[in-house]
Amino acid sequence: MASNNTDIRYLKGVGEKRAEILKSKGIDTIGTLLRFYPRDYIDYSDITPIYDCFFNMNVCIKARVTSYVSEDKKRPGMVLYSFTAEDSSGSMQVVLFNQKYLANKINFGSEYLFYGKLEGGYYMRTMKSPEIFEVGYSGIHPIYKASAKMSSKNIEKLTKTALSCSLGDDPIPQSVRDKNGLCDLAFALENIHFPRTKESLARAKRRLVFEELFILQTGLALLKNKKRTLSGSVIKRDFKAEFEGLLSFPLTSAQSRVIDECFADMASGRVMNRLIQGDVGSGKTAVAAAVCYITAKNGYQSAFMAPTEILAEQHFATLSALFEGSGVKCGLLTGSLTAKQKREIKEDLSQGRIDIIVGTHALLTDNVEFNSLGLAVTDEQHRFGVAQRAKLAAKGKNTHTLVMSATPIPRTLALIIHGDLDISIIDEYPKGRQSIDTYCVDSSYHKRIYNFIKKHIAEGRQAYIVCPLVEENEELDIKSANEYFDELSKGEFKGYSLGLLHGKMSGKEKDAVMRRFKDDEIQLLIATTVIEVGIDVPNAVLMVIENADRFGLSQLHQLRGRIGRGKHKSSCILISDSKSEETAKRLNVIKASNDGFNIADEDLKLRGPGDFLGNRQHGLPDLKIADFASDMETLRLAGAEVRALLIDDRNLESKDNRPLREAIEELYQKLNG
Ligand code: ADP
Ligand code: MG
């Protein structure tokens, strides 16, 4: 009989073609299909009259089709189908994009259920790409994240079939379920997809949220335990004072404390696994430099990995200058060195003639060998996966690991998210740090902003303009970096030296542009968020952000961190035409605060959790149902259960805990594979 681990291909109703589509959504087994939870539900006892609906919120409307479907070929590959539908309160227009099959099934005069967001139009209310159902449905109904190739209804049907397969053992041990009043797996899966009542949906959800956070935390705890028992290279002698003598500034007390924390780890005999969290500009590089220095003076090599060539070069320049004459030797390894240079560096490294090697992913290649690697440092860790970090450390025996992150997350969360690491926080800025003035304006200010930029360029300074990433979306009138660059270089900034930087460029191209900006050959850089990561261009004093409402607050803060790095007064200008109160609130947070942690807290509150920790910023798997912010209480409860469980069964070896163990293994396989 088909079960949890059966390939999705063998589920009744799935052929080769559908299996491919499902796999592209991450659904490769019957189990993963069952864990593909609805993104929403329609409750048919909750039908709203068209004229009572709030705009831009998911609603369910029951309406009769009162026109024929008209077809409008917008451009090749884009056909709009539209028709009107009416209930006793009024009428709306329904628009379908390219959904020919669906459009053909709509009958003039028939009544349907429409689920989607209603938008207010000048002439008429409109619902774009709704889910459409025949009337006659009742109860609570799942809505899945659909695509043109696989509708919500398709997924629903397959899920129904899958539920009759063997569901596997419950990963939450019975005792934990009992204690926390959680329903069992079968009930949960049935009711998350096809809830019998609102209450049973709530029970199912509570259990699945608990389960997800429970498995995640158990996995992290196991990982941490395992690492704790490993012995680390012995770094016994402290050279912090000597290191401080090399600096041109005194360490902040936060920097000093974090260096001590690292040293204590390395001197303990066990291996260090530490994350340094510190806002942009808090001086993480100096801390890493200190730890590398201490390591070198104890006779071990360090590897310092950065996500881009330019950042690696910057760190190399900083460290070589700092350690000049101290006897500690630095090297640089990046993809763009010549074959000969690479060979020499690798030779020096394996012979132990280099103490600190700074580099990019190039450090991970197989033929990079160390003489005595004692410490692996990763800068901007969110740009690397857990696996890459591990790969670097694996180049030595008992290698200490230090990772640095400038993506501040609320403290409570950090402990859990980075469950396999110990955390040090740099919660202080170097003295004399520039305060940056931040302004929020609408696009009527463009002319003035351009003049402002020109004035600064005339004084020899440089500026950034950042545009949001744009997907193909004809409905959003947003300037893409490309178009904007063309427009400005032919118009307003004709005769100036402009640069363009975006994510579609290769790493080499990006580095080349960034280097020219750093060398002051580019006066104005038009970019997408690719400039977010740690580059130091002290002469850049303006950061103009177009459509600022499209960015997360933490991202805006990171972008702003690119300026205010030199002795000149710096300003950040946020442009937004959004009229919403929510946007105004968000942008005001940025305007009012220069503290990344504070901003992260506000971001979490305002933006909602889904977005905040979305897109795998932290090397953790995407959460399917739980959500770090609103499920904080469950997170805590599950954490307590994890600790209790591991006291009794440290390595999850008992029979009762086997299903949990398997669930964890599956999760981490995904993460590392
Ligand atoms: P980040 O934490 O964002 O990586 P950096 O390490 O790039 O920050 O440091 C930002 C700037 O602050 C650098 O120019 C660095 O030289 C300077 N800096 C670091 N620590 C101190 C300090 N204790 N006193 C003064 N300036 C410092
Ligand atoms: Mg940095």
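The rules behind the values
Residues numbered from 1 in each chain as written. Chains lettered and ligands numbered in written order. Predicted model: local features only at pLDDT ≥ 70, side-chain atom pairs only at ≥ 80, totals over all residues. Heavy atoms only, no water. Helix = DSSP H or I, 4+ residues; strand = E, 2+ residues; numbered from the N terminus. Rg over C-alpha atoms; globule rule 2.2 N^0.38 Å. Buried < 20%, exposed > 50% of the residue type's maximum accessible area, 1.4 Å probe, protein only. Contact = heavy atoms within 4.5 Å. Areas by Shrake-Rupley, 256 points an atom, 1.4 Å probe, with all protein chains shown as cover. Domains from an automatic or database assignment. pLDDT = per-residue confidence, 0-100. Pairing = 2+ DSSP bridges. Axes fitted to C-alpha atoms, helices over the stretch in contact; angles between N-to-C directions. Expected span 1.5 Å × (residues − 1). Arc of directions from axis to C-beta.

Participant: How should I be thinking about the overall build of the protein in this particular structure?
Facilitator: Assigned secondary structure in the protein consists of 23 helices and 22 strands. Its C-alpha atoms give the protein a radius of gyration of 28 Å, near enough to 26 Å, the size a compact globule of 673 residues would have. Along the first, second and third principal axes, the C-alpha atoms of the protein reach 85 × 70 × 45 Å. With 673 residues in all, the protein has 52% of them scored as buried. Of the contacts made within the protein by residues no fewer than 6 positions apart, 72% connect residues no fewer than 24 positions apart. Of the roughly 31,400 Å² of accessible surface on the protein, a fraction of 49% belongs to carbon and sulfur atoms.

Participant: How do you make sense of the domain arrangement of the protein when you look at a structure like this?
Facilitator: Frequently, the measure chosen for interface size is the accessible area removed from exposure when the parts meet. Entries for the protein in the domain assignment read domain 1 (46-137), domain 2 (240-426) and domain 3 (437-593). A straight line from the C-alpha centre of domain 1 to that of domain 3 covers 39 Å.

Participant: Can you walk me through the confidence of the model for the protein in this structure?
Facilitator: Detailed reading of the predicted coordinates is not advisable wherever pLDDT falls low. Within the protein, residue pLDDT values average 87, and 92% of them lie at 70 or more. Overall, residues 472-476 carries pLDDT values under 50, and its contacts beyond four positions in sequence, including any with other chains, amount to six contacts. Within the model, pLDDT remains below 50 along residues 609-619, and this stretch shows 30 contacts once partners closer than five positions in the same chain are excluded.

Participant: Even after reading the chapter, I still don't get the sheet that holds strand β16 (residues 422-426), so can you show me in this structure?
Facilitator: In any sheet, the strands associate via hydrogen bonds between backbone groups, in a parallel or an antiparallel arrangement. Across the sheet, seven strands lie side by side as β12-β13-β11-β14-β15-β10-β16; this open sheet has parallel pairing. Of all strands in the sheet, those with a lone pairing partner are β12 (330-333) and β16, marking the two edges. Direction aside, the axes of adjacent strands within the sheet are offset by 20° on average. The sheet contact formed by strand β11 (residues 301-305) and strand β13 (residues 356-359) spans four bridges and is parallel. In the strand pairing of β13, alanine 303 is matched with isoleucine 357. Set on the sheet, helix α9 (residues 253-267) makes contact with β10 (273-278), β15 (400-405) and β16; between it and β16 the angle comes to about 160°.

Participant: Looking at this structure, how should I read the environment of glycine 374?
Facilitator: As for its placement among the helices and strands, glycine 374 is situated in strand β14 (residues 373-378). Glycine 374 sits 67 residues away from proline 307 along the chain, and the two C-alpha atoms are 21 Å apart. What glycine 374 contacts, discounting residues up to four positions off in sequence, is Ser233, Thr295, Tyr300, Gln301, Asn398, Thr399 and His400.

Participant: What exactly am I supposed to notice about helix α17 (residues 507-518) here?
Facilitator: Residues lying three or four places apart along an α-helix face the same way, a consequence of the helix completing one turn every 3.6 residues. In this model, α17 (12 residues) spans 16 Å end to end at C-alpha, consistent with the 16 Å of a helix rising 1.5 Å per residue. For α17, the set of buried residues is Asp511, Val513, Met514 and Phe517. What you see down the axis of α17 is that its buried residues fit within an arc of 165°, all on one side. Where α17 is buried, its residues contact α11 (309-323), β18 (462-466), β19 (498-501), β20 (524-527) and β21 (540-545).

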